Amino acid sequence: MSAPYHGACNCGAVTLTIASEPLWVRQCWCRQCQKAAAGNATCNGLFRTEGMTVSGDVTWRGYEAASGNTVEQGFCAACGTPVFARNSSRGGAQVVRLGVLDDAADLSINAIIWTSDAPDWAYFDPQVKQWPGQPPVAKPAT
Ligand SMILES: [Zn+2]
Ligand SMILES: [Zn+2]
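The structure displayed is predicted, hence computed values, not measured ones.

Asker: Got a sec to walk through the coordination of the zinc ion (ligand 1)? Specific residues and values, please.
Answerer: Looking at the zinc ion (ligand 1), one finds its protein donor set to be Cys9 (SG), Cys11 (SG), Cys76 (SG) and Cys79 (SG), positioned 2.3 to 2.4 Å from the metal centre. In this structure, the zinc ion (ligand 1) is surrounded by 4 donor atoms whose angles at the metal cover 106 to 115 degrees, and the resulting shape is tetrahedral. If you list the donors of the zinc ion (ligand 1) from N- to C-terminus, the spacing comes out as C-x1-C-x64-C-x2-C. One end of the pair, Cys9, is in the loop between strand S1 (5-8) and strand S2 (15-18); the other, Cys76, is in strand S7 (residues 70-76), and 67 residues separate them in sequence.

Pasting the structure below:
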């Protein structure tokens, strides 16, 4: 499967279409993600917002991350499914929670981050690059 990607929350009130391939795909074990993902890591694709269409009511809640940046998590206002996240340091792109995409099976994880916050039972694929915290910010590809 390749772009465009289509997705929806559990109740169907929020739907989205993404025109481009992800800039990266990561698993995140930070504490905020564990809360959003019922105790597990979140699986996230960073996509350009250009060419992304969203319909339905998304509720945003923000917090200050360890980096000092503001991170906001976006949920379906009706059913609470985690749909998006965005970071004040990243213009023009936002994270889509891979669980909402209809067909993201071949979007494989490029990196596992915040492994130091993961529970003891967490398994990290040894083939995938790992970071104990936030990785250095890569300049977005153009
Ligand atoms: Zn919903
Ligand atoms: Zn996280």
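Now that the structure has been shown, the text picks up again.
Asker: Any details on the coordination of the zinc ion (ligand 2)? Residues and values, ideally.
Answerer: Within the protein, the atoms that donate to the zinc ion (ligand 2) are Cys28 (SG), Cys30 (SG) and Cys33 (SG), at distances of 2.1 to 2.3 Å. All donor residues of the zinc ion (ligand 2) come from one chain, and their arrangement in sequence is C-x1-C-x2-C. A relative accessible area of 7% means that Cys30 is categorised as buried.

Asker: Please set out the side chain of Gln34 residue by residue, giving values where relevant.
Answerer: Within the fold, Gln34 resides in helix H1 (residues 31-36). Using a relative accessible area of 8% as the deciding quantity, one classes Gln34 as buried. Within the local environment of Gln34, its side chain forms a polar contact with the backbone oxygen of Trp29, the two atoms lying 2.9 Å apart.

Asker: Can you tell me about the environment of Ala36, naming the residues and giving the values?
Answerer: When you line up the elements, Ala36 lands in helix H1. Classification of Ala36 as buried rests on a relative accessible area of 18%. Placed 23 residues apart in sequence, Ala36 and Thr59 show a C-alpha to C-alpha distance of 13 Å. Residues within four places of Ala36 in sequence aside, it is in contact with Thr42, Gln73 and Pro82.

Asker: Pulling in residues and values, what's your account of the pattern of salt bridges?
Answerer: Oppositely charged side chains may form a pair once their charged atoms are brought near each other. Summed over all chains, the structure comprises 1 salt bridge. A salt bridge links Arg86 to Glu72, with the nearest nitrogen and oxygen atoms 2.8 Å apart. One end of the pair, Arg86, is in strand S8 (residues 82-87); the other, Glu72, is in strand S7, and 14 residues separate them in sequence. Judged by its relative accessible area of 24%, Glu72 falls in the partly exposed class.

Calculation rules
Residues numbered from 1 in each chain as written. Chains lettered and ligands numbered in written order. Predicted model: local features only at pLDDT ≥ 70, side-chain atom pairs only at ≥ 80, totals over all residues. Heavy atoms only, no water. Donors = N, O, S within 2.8 Å, 3.2 Å for Na, K, Ca; no water. Tetrahedral: all angles 85-135°; square planar, octahedral: opposite > 155°, others 65-115°. Helix = DSSP H or I, 4+ residues; strand = E, 2+ residues; numbered from the N terminus. Buried < 20%, exposed > 50% of the residue type's maximum accessible area, 1.4 Å probe, protein only. Polar contact = N/O pair within 3.5 Å; in protein donor to acceptor, adjacent residues only side chain to side chain. Contact = heavy atoms within 4.5 Å. Salt bridge = Lys/Arg side-chain N within 4 Å of Asp/Glu carboxyl O.

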